[in-house]
Amino acid sequence: MEPRNQTSVSEFLLLGFSQDSEHQPILFGLFLSMYLVTVLGNLLIILAVSSDSYLHTPMYFFLSNLSFADICFTSTTVPKMLVNIQTQSKSITYAGCIAQMYFFMVFGGMDTFLLTVMAYDRFVAICHPLHYTVIMNPWLCGLLVLVSWFISLSYSLIQSLLMLRLSFCTNWVIPHFYCELAQALMLACSDTLVNHILQYMVTGLLGIVPFSGILFSYSRIASSILRIPSANGKYKTFSTCASHLSVVSLFYGTGLGVYLSSDASSWRGMIASLMYTVVTPMLNPFIYSLRNRDIKRALQKVLRITLCVQ
């Protein structure tokens, strides 16, 4: 597509990972497999938590919400990428690009908030065990999730509406596998100052503030664990938050790396983006189920019921 001077754009071009047609079948099979594993694994977590009354606790309530957010988060980027690979097209409509940005920010924001809330839940459970049921009551748990949804939906809507006022007049090519906000802003030929200010504010809201909360929670957790006299007690206590800590490390390690990178559109930047947008949601069910006997038992129960129905 030849660049043209105009104030409106009908579609963008997503360059993706490879321009070589020989690599497309391999990429299609790889991403399709990862997407199916992500959806199936997180659906099993949701079914296990909802079907087992023993798992109707704050920790598993937040985990089921995280699984739902992960399914939606991955679904904002991978299906469109699979369609483009299959049809050998790199285009995405202007409306589709704005919609993808919106939902990407919504569910990406939910992931960060839920991981923070889960860290707070572990902090209360380990540092204030006698008051856990009083503090983490159903009303507070529901409120924390609702507030997370409200903030994510609100800032994503504002950012999307600000994108609609921009004009794109010379270059419509986004060197990424999805409509990444920062890359799209670089293509605008109108003033993007307000967009960048909001972007920095959101980065602080979704990156620095939650991450600081997680670090604070785990610093207090570590302090409490070190005060436990027996080694076996320390191990059991640490094991209750090891899965969550692994997911946090993977998600924030790659996510912050992308936004702090000088060139997020480079090969390394796209690999890092792939890690927190696709790989982390795919690994979450495995991380939480492999180290959790309750989840294993509930999953086995769900699988037995499924096999009996069939």
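Keep in mind the model is a prediction, meaning the values are calculated, not measured. (Residues numbered from 1 in each chain as written. Predicted model: local features only at pLDDT ≥ 70, side-chain atom pairs only at ≥ 80, totals over all residues. Heavy atoms only, no water.)

Q: I'm lost on the UniProt feature "transmembrane region" (unreviewed entry) in the protein chain in this one. Help?
A: Taking the UniProt record as the reference, the feature "transmembrane region" (unreviewed entry) is found at residues 26–47, 59–78, 98–120, 132–158, 197–218, 238–260 and 266–287. The distance from the first to the last C-alpha atom of residues 26–47 is 32 Å, and the span holds 100% helix and 0% strand. For the annotated span residues 59–78, helix accounts for 90% and strand for 0% of the residues, and the straight-line distance between the end C-alpha atoms is 28 Å. (UniProt positions renumbered as here; feature names shortened; annotations may be inferred. Helix = DSSP H or I, 4+ residues; strand = E, 2+ residues; numbered from the N terminus.)

Q: Is there a simple way to think about the confidence of the model for the protein chain in this case?
A: Close inspection of predicted coordinates is inappropriate for parts of the model with low pLDDT. Within the protein chain, residue pLDDT values average 82, and 87% of them lie at 70 or more. Least confident of the elements in the protein chain is helix α11 (residues 293–309), whose mean pLDDT is 71; most confident is helix α2 (residues 58–75), at 93. When the criterion is pLDDT under 50, residues 1–7 qualifies, and its contacts beyond four places in sequence or with other chains add up to 14 contacts. (pLDDT = per-residue confidence, 0-100. Contact = heavy atoms within 4.5 Å.)

Q: Before we go on, may I ask you to explain the state of the cysteines in this structure?
A: Here, disulfide denotes a covalent bond that connects the sulfur atoms of two cysteines. Scanning the model with the defined rule gives one disulfide in all. Here C97 connects covalently by a disulfide to C179, the sulfurs 2.1 Å from one another. What sets the handedness of the C97 and C179 disulfide is the S-S torsion sign, and at about -130° it is left-handed. Linking C97 in helix α4 (residues 94–127) with C179 in the loop between β3 (173–174) and α7 (181–187), this pair joins segments that are 82 residues apart in sequence. Since its relative accessible area comes to 0%, C97 is described here as buried. (Disulfide = S-S within 2.5 Å. Buried < 20%, exposed > 50% of the residue type's maximum accessible area, 1.4 Å probe, protein only.)

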